[in-house]
Amino acid sequence: MPRFFCPVPLHTGLNLDLPAGAARHVQVLRLQPGATVTLFNGEGGEWDANVTRMGRADVAVAVEGHRAVEREAARAVHLVAGITANERMDWLVEKAVELGAASLTPLEAARSVLKLRGERADKKLAHWQGVAVAACEQCGRNRVPPVHAAQTLAAWLASPQAMQAAAGARLVLSLHPHARPLADAVAGATTVTLLSGPEGGLTPEEEAAALGAGFVPVTLGPRVLRAETAPLAVLAALTLG
């Protein structure tokens, strides 16, 4: 059944025009009046709804029953990932959401190719949040993880997000010879903040700053994974099953 994010208050018996994005998707799918769709607004569970009108630019639905179904991971993993080049960051956001990331913070690391400022940064953030919404529609999640504004590691370490991360396990993907195996570093942790670098990894100065802030270096083994692959491998290990 097609699923659409509808960020408005929903209740049984409600008749409403879908937001523009969801309406466009319904029209692209060529759904007709009487078709059943699933709506979710990010506040928990999902709603069945029937299409009642198909206009040229608008779609109306009647909301029916609510299903209190959740598909969130048992362990909350907050990803702070170095911004990668071109479409690879889109891919990273999409797959991280599918794998259950609780939040994502794009990191403007020293070796990040893409640097964001002003209006361009705002547009990229809105685009990545849209990628997260689309991934939730596809994978069945009913809560859309926030994509936070891009920032440098120094700024992030001084932010409220970093302060909140102190309550759980804090891991940094590292090639350090004394990095710990992932399973050892997260034993018993229900909340994890994972820091990973862009192409080329974090600089020695950035990694030192992370370690000084209490992050534990972890390794995925002897192979060197791409910047967009390594954090997804960790997410899969921590959130699936």
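The structure we're discussing is the one just above.
Given the structure is predicted, the values throughout are model-derived calculations rather than measurements.

Student: What's the story with the overall build of the protein chain in this structure? I'm lost.
Tutor: When you go through the protein chain residue by residue, the secondary structure sums to eight helices and 11 strands. Dimensions of the protein chain, computed from C-alpha atoms along their principal axes, come out at roughly 60 × 40 × 30 Å. Burial statistics for the protein chain: of 241 residues in total, 46% are counted as buried. For the protein chain, the exposed surface amounts to about 11600 Å²; the carbon and sulfur share of it is 56%. A distance of 3 Å separates the average location of the 22 positive side-chain charges in the protein chain from that of its 22 negative side-chain charges.

Student: Quick question: what am I supposed to make of the packing of aromatic side chains here?
Tutor: Given two aromatic rings, one states the distance between the centres and the angle between the planes to describe the pair. Taken as a whole and judged by the stated rule, the model has two aromatic pairs. Measuring from centroid to centroid gives 5.4 Å for F5 and F40, while their planes differ by 45 degrees, and the two rings are tilted. Of the two residues, F5 is situated in strand 1 (residues 3-5) and F40 in strand 3 (residues 36-40); the sequence distance between them amounts to 35 residues. Overall, the relative accessible area of 0% leaves F40 in the buried class.

Student: Teacher, can you tell me more about the environment of K95 here?
Tutor: Among the secondary structure elements, K95 is positioned in helix 2 (residues 87-98). K95 sits 37 residues away from A132 along the chain, and the two C-alpha atoms are 8.9 Å apart.

Student: It is not clear to me how the sheet that holds strand 3 should be interpreted in this structure. Could you clarify?
Tutor: Whenever strands of a sheet pair, they do so through backbone hydrogen bonds, lying parallel or antiparallel. What the five strands build is an open sheet, ordered 1-3-4-5-2; its pairing is mixed. Each of the sheet's edge strands pairs with one partner strand only, and the pair in question is strand 1 and strand 2 (15-17). Pairwise comparison of adjacent strand axes, ignoring direction, gives a mean angle of 40 degrees for this sheet. As judged from the four bridges shared by strand 3 and strand 4 (residues 46-54), these two strands associate in the antiparallel manner. Note on strand 4: the bridge partner recorded for V37 is A49.

Student: Can you help me understand the environment of Q151 in this one?
Tutor: Inspection of the secondary structure assignment puts Q151 in the loop between helix 3 (118-139) and helix 4 (153-157). Measuring from C-alpha to C-alpha, the distance between Q151 and V80 comes to 9.8 Å, with 71 residues separating the pair along the chain. Among residues more than four places away in sequence, those in contact with Q151 are T105, P106, L107, E108, W156, S159 and Q161. Of note is the side chain of Q151, whose polar atom sits 3.5 Å from the backbone nitrogen of W156.

Student: Please clarify how the pattern of salt bridges should be interpreted in this entry.
Tutor: Two side chains with opposite charge may pair up if their charged atoms get near one another. Applying the stated criterion across every chain, the model contains 15 salt bridges. The salt bridge partner of R67 is E46, with a shortest N-O separation of 2.5 Å. You can see R67 sitting in strand 5 (residues 59-67) and its partner E46 sitting in strand 4, a full 21 residues away along the chain. The partly exposed category is assigned to R67, whose relative accessible area is 33%. Put simply, R3, E46, D48, R67 and R71 are held in one network by salt bridges that share partners.

Student: Explain the side chain of N142 here, please?
Tutor: If you trace the backbone, N142 turns up in the loop between helix 3 and helix 4. The buried category is assigned to N142, whose relative accessible area is 0%. Polar side-chain contacts of N142 include one of 2.4 Å to the side chain of R3. Polar side-chain contacts of N142 include one of 2.9 Å to the backbone oxygen of V69. Here N142 is in contact with R3, F40, G42, E43, G44, G45, E46, V69, E70, R71 and E72, once residues within four sequence places are set aside.

Student: What is the right way to read the pairing of strand 4 from this model?
Tutor: Sheet faces and side chains relate simply in a regular strand, where the side chains alternate between the two faces. What sits between strand 3 and strand 4 in their antiparallel hairpin is a turn of five residues, with G42 showing a positive phi close to 85 degrees. With seven bridges connecting them, strand 4 and strand 5 associate as antiparallel partners. Residue pairing in the sheet places A49 in a bridge with V63 of strand 5.

Student: Is there a simple way to explain the sheet that holds strand 6 (residues 76-82) in this structure?
Tutor: Here six strands make up an open sheet; going across it, the order is 7-6-10-8-11-9 and the pairing parallel. Of all the strands in the sheet, the pair left with one neighbour each is strand 7 (103-107) and strand 9 (180-181). Lying over the sheet, helix 8 (residues 230-239) contacts strand 6, strand 8 (169-173) and strand 10 (191-196), oriented at roughly 175 degrees with respect to strand 6.

About the cut-offs
- Residues numbered from 1 in each chain as written.
- Predicted model: local features only at pLDDT ≥ 70, side-chain atom pairs only at ≥ 80, totals over all residues.
- Heavy atoms only, no water.
- Helix = DSSP H or I, 4+ residues; strand = E, 2+ residues; numbered from the N terminus.
- Buried < 20%, exposed > 50% of the residue type's maximum accessible area, 1.4 Å probe, protein only.
- Areas by Shrake-Rupley, 256 points an atom, 1.4 Å probe, with all protein chains shown as cover.
- Lys, Arg positive; Asp, Glu negative; His and termini not counted.
- Charge placed at Lys NZ, Arg CZ, Asp CG, Glu CD.
- Phe/Tyr/Trp six-rings, centres within 6.5 Å; stacked < 30°, edge-to-face > 60°.
- Pairing = 2+ DSSP bridges.
- Axes fitted to C-alpha atoms, helices over the stretch in contact; angles between N-to-C directions.
- Contact = heavy atoms within 4.5 Å.
- Polar contact = N/O pair within 3.5 Å; in protein donor to acceptor, adjacent residues only side chain to side chain.
- Salt bridge = Lys/Arg side-chain N within 4 Å of Asp/Glu carboxyl O.

Worth remembering: the numbers are spatial, not functional.
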